Structures are given as structure tokens and as C-alpha cells.
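# Understanding the architecture of this molecule
One-letter residues, chain by chain:
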Amino acid sequence: RIETSDILTSQKLPSLIMYGFSINEKYIKSLSNALQLMRQSLPLSSLYTGVGVINTKEGTVISLDEPYLSKEIRQSQASEIICETQYDLKPKGTFERWWRMYLDEVKGNLLLELAVIFGVSSLVTAFLKTKHEVEFAGTIYSFMGNSSSGKSTSAALLASLAGNSNKGQNSLMKSLNGTRNGIESYLNENHGVPIVLDELSSATFRDSTGLLYSIAEGLGRQRSDIFGKAKSVRHWGTSVIVTGEHSIFKDSAKNDGLRVRTIEITEQFTKSAENADTIKKVTSSNYGHVMPLVAQYLLNREQEVIQWFRTEHQWFKKQLENETSNTG
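Reference entry: report on the structure contained in this document. (Residues numbered from 1 in each chain as written. Predicted model: local features only at pLDDT ≥ 70, side-chain atom pairs only at ≥ 80, totals over all residues. Heavy atoms only, no water.)

### With respect to the packing of helix α3 (residues 95–106) against helix α9 (residues 273–285)
Running from N to C, α3 and α9 point in directions that differ by 165 degrees, and their axes come no closer than 10 Å. Viewed along their axes, α3 and α9 adopt a mutual orientation that is roughly antiparallel. For the pair α3 and α9, the sense of crossing is left-handed. Of the residues in α9, those touching α3 at R97, W98, M101, E105 and V106 are N275, T278, I279, V282 and T283. (Axes fitted to C-alpha atoms, helices over the stretch in contact; angles between N-to-C directions. Helix = DSSP H or I, 4+ residues; strand = E, 2+ residues; numbered from the N terminus. Parallel < 35°, antiparallel > 145°, perpendicular 65-115°, else oblique. Left-handed = near helix turned anticlockwise from the far one by under 90°. Contact = heavy atoms within 4.5 Å.)

### Examining the side chain of T139
Here T139 lies in the loop between α4 (110–130) and β6 (140–144). Look at T139 and you get buried, because its relative accessible area is 18%. With sequence-adjacent residues up to four places away left out, T139 is seen in contact with T238, S239, V240, R261 and I263. (Buried < 20%, exposed > 50% of the residue type's maximum accessible area, 1.4 Å probe, protein only.)

### Section: the nonpolar core
I62, F143 and L197 are the most contacted members of the largest nonpolar core, which has 65 residues in total. Aside from chain neighbours lying at most four places away, what touches L197 is K174, L176, I183, Y186, I215, V240, I241, V242 and T243. Of all hydrophobic cores here, the second largest spans seven residues; its members include Y48, I73, I81 and C83. (Core = buried A, V, L, I, M, F, W, Y, C linked by side-chain atoms within 4.5 Å.)

### Some details on the environment of N170
In this fold, N170 is placed in the loop between α5 (151–159) and β7 (173–175). Residue N170 is classed as partly exposed on the basis of its relative accessible area, which comes to 39%. It is 19 Å that separates the C-alpha atoms of N170 and S154, two residues lying 16 residues apart in sequence. The residues contacting N170, other than those within four sequence positions of it, are Q86, Y87 and D88.

### Considering the pattern of salt bridges
Enumeration over the complete set of coordinates arrives at eight salt bridges. When the shortest N-O distance is used, the salt bridge between D198 and K167 registers 2.7 Å. You can see D198 sitting in strand β9 (residues 195–198) and its partner K167 sitting in the loop between α5 and β7, a full 31 residues away along the chain. A salt bridge links E184 to R234, with the nearest nitrogen and oxygen atoms 4.0 Å apart. (Salt bridge = Lys/Arg side-chain N within 4 Å of Asp/Glu carboxyl O.)

### Considering α4
Helical geometry note: an α-helix holds 3.6 residues per turn, so side chains three or four residues apart project in the same direction. For α4, spanning 21 residues, the distance from its first C-alpha to its last is 30 Å, which sits close to the expected 30 Å at 1.5 Å a residue. Where α4 bends most, at S121, the angle is about 30 degrees. Put simply, N109 is the residue that caps the front of α4, since its side-chain oxygen is 3.2 Å from the backbone nitrogen of L111. Once α4 finishes, H132 follows within two positions and takes phi at roughly 60 degrees, a positive value. (Expected span 1.5 Å × (residues − 1). Bend = angle between axes of the 7 residues up to and from the residue. Polar contact = N/O pair within 3.5 Å; in protein donor to acceptor, adjacent residues only side chain to side chain.)

### Remarks on the pairing of β9
The alternating pattern of β9 places I195 and L197 on one face and V196 and D198 on the opposite face, and all of these are buried. Note that β7 and β9 share three bridges and pair parallel. Bridge pairing in β9 places S175 opposite D198. Relative to strand β10 (residues 240–244), β9 runs parallel, the two being bridged by three bridges. Bridging across to β10, L197 finds its partner in V242. (Pairing = 2+ DSSP bridges.)

### A closer look at the sheet that holds strand β2 (residues 51–55)
The strand order across the open sheet formed by four strands is β4-β3-β2-β8, and the pairing between neighbours is mixed. Two strands bound the open sheet, and with one partner strand each, they are β4 (67–69) and β8 (190–191). By the bridge criterion, four bridges tie β2 to strand β3 (residues 60–63) in an arrangement that is antiparallel. When the sheet's bridge partners are listed, I54 is paired in β3 with V61. With respect to the sheet, α4 is in contact with β2, β3 and β8, its orientation differing from that of β2 by roughly 10 degrees.

### As for the packing of aromatic side chains
Per the stated rule, a full pass over the model turns up nine aromatic pairs. Taking the centre distance of 6.3 Å and the plane angle of 25 degrees together, the rings of Y297 and W308 count as stacked. A residue pair is termed long-range when its members are at least 10 positions apart, and Y297 in helix α10 (residues 290–300) and W308 in helix α11 (residues 302–319) qualify at 11 residues. With relative accessibility at 52%, the residue W308 sits in the exposed group. (Phe/Tyr/Trp six-rings, centres within 6.5 Å; stacked < 30°, edge-to-face > 60°.)

### Some points on the sheet that holds strand β11 (residues 262–265)
Remark on secondary structure: sheet strands pair via backbone hydrogen bonds, oriented parallel or antiparallel. Read across the open sheet, the five strands follow the order β7-β9-β10-β6-β11; overall the sheet is parallel. The open sheet has two edge strands, β7 and β11, and neither has a second partner. The sheet shows a mean angle of 20 degrees between the axes of neighbouring strands, direction not considered. The strands touched by α4 are β6 and β11; relative to β6, the strand with the most contacts, the crossing angle is about 155 degrees.

Have a look at this one:
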């Protein structure tokens, strides 16, 4: 558990009973004093809040189910690194079971393969941004279609790369039935873990323009505290997947700025009901195994990844030489 140091005061120590600690309240002051003295002999640890790619003075940390460290940190690390996250990213099941499902149910289906690539690209894009190779924080992917098109199945497949893809308190699948403040809080400090906002039709706000710009820019709304002073602005930079039965632009302004930040797909994702059921069953109990492999690849082969990106970037620039609409 991660607690602030005042947990060692005699007033707050008894609260640890609910987590299974044995606290004899008759000696609470002596226990408090002993623990505070012991704290002085503990090694120091560096604590970082958030998930995905975190830039530190020592080097790059990728926070997922555990911290993955760049070569610079591994070679010179003097203290333990701890990362605190609000998501359930602990791997469940096995990678082999997930991979078998991918080979049998996903490979060869362009839309499902794209969903997986969209998920992986979330961490890759965040990594490239910390290396100053790209300017933007992430992309909005809109999966649109009726209830049998497989959009939610594709979203769950995508989320399963990094963590829990079952709807719940700390999962990577979140309903849009909430306030803008709640959605910003959910995205806060996320730099590379894909997030799914499911069922656009359940959203309670009428105009989504501001929220979509906020998601794409990676900055929350500026707010003030009760004294009128500016609060710290929430920030993130990751791929956000929105599913819905109607276009993400239906309740927003028809601005080019939003369209160049959004990729919307309106085709059939899964090839059959059986295909969708198998993917859902496997991803619900086997998740969180792929993104750690991507993280280690990025950290161990940084220059190779950057060179790949530059090569592909040049290809796109060449294809767009005659582009005149400014939104190519």
C-alpha cells in the first residue's frame, strides 16, 4: 500500500486494521514512536504517479503493471522506483491463451488487426513524444456501428493489451454516462495506456466539442479552488477509443480541427457472432500481457523504433505532396 507518512501517527495507525494489520491500541503511542524511528533506517524510493511513459531526471520509466526502466536508470539506479496508478493493469490468465485467440480469431481480419495496432500505437506515440519525434499526445478512434457490428468487442480486444478490459471501477473500459469532470479525472496522468469510452449514446452532455478537443489536446478544463486560485490542470496523452451507434461528430462542431484528430471507422468489425463471443471470452480472462512486451521493446531498442518511425513518416509526406485540403 502507498500511504502518506502521517499514517504512522497514533491517531491514524488503527485504520490499518481494516487491511489485516494487528494493532494493539493499548500500546498505540509506543508502536507509533517505534515505527517512526524505524522509518529513518529505510531506503528511499522514488514515487511517480500515473501510467505510460514518464520522463524523469534519470531517464525514461514506463509504468504499467510494474515500472519498466530505461538502460540509463538500470545502470545508475540508486533507489527503488514505485509507480502509483488508478487502473487495473495486473496481468491475468496467460499470454499464450491470448495469442492463440489472436491467431485464430483476429489475424486476417483487417478491422480487428487495426484495433490491436491502435492499442499498441498508444504507447508508441507517447514514447515518441517524449523523444520529441511527434507533437501530438494521442488520437481519438471512433468505432461506430449498430449493436451487432462488433465495435465493443474490438474495443475490449484493444484494452486487453494493457489491462482489465471488463467494465468496472478500475478497468480500461469506461462508460460515457458521466460528467466531463469525471471523464477528465479518469484520463488524468495517462501517457500511453489506451482508454475505451463505451457507448456514446449514453453521454449526458449535449455538446461534445469541448470534451473532444480536451481529449485530443491532453489538457483538462482550467478550474479554480474555493479561494479563486487556479488549480493544477489535469493532463494526459494517450489514445482514446469511443464507441457508439452514431458518429462522434453528431453533437459536436464540424471543425477540421476535430476531424484531423479523429479516425472514425463505420464498418463491420467482427465476421460473426461466434467470432465476437470467442474474443470476448478470452479477453475477459486473459489480459495485460502484450503492452509490457511493447514497453521493453521500446526501452531496449529506442533508436531502431525512432528510425522506423522516420522512414514511415517520410513515406506519408511523399504521398501527401499534392494534398490541397490541409486535412490529409
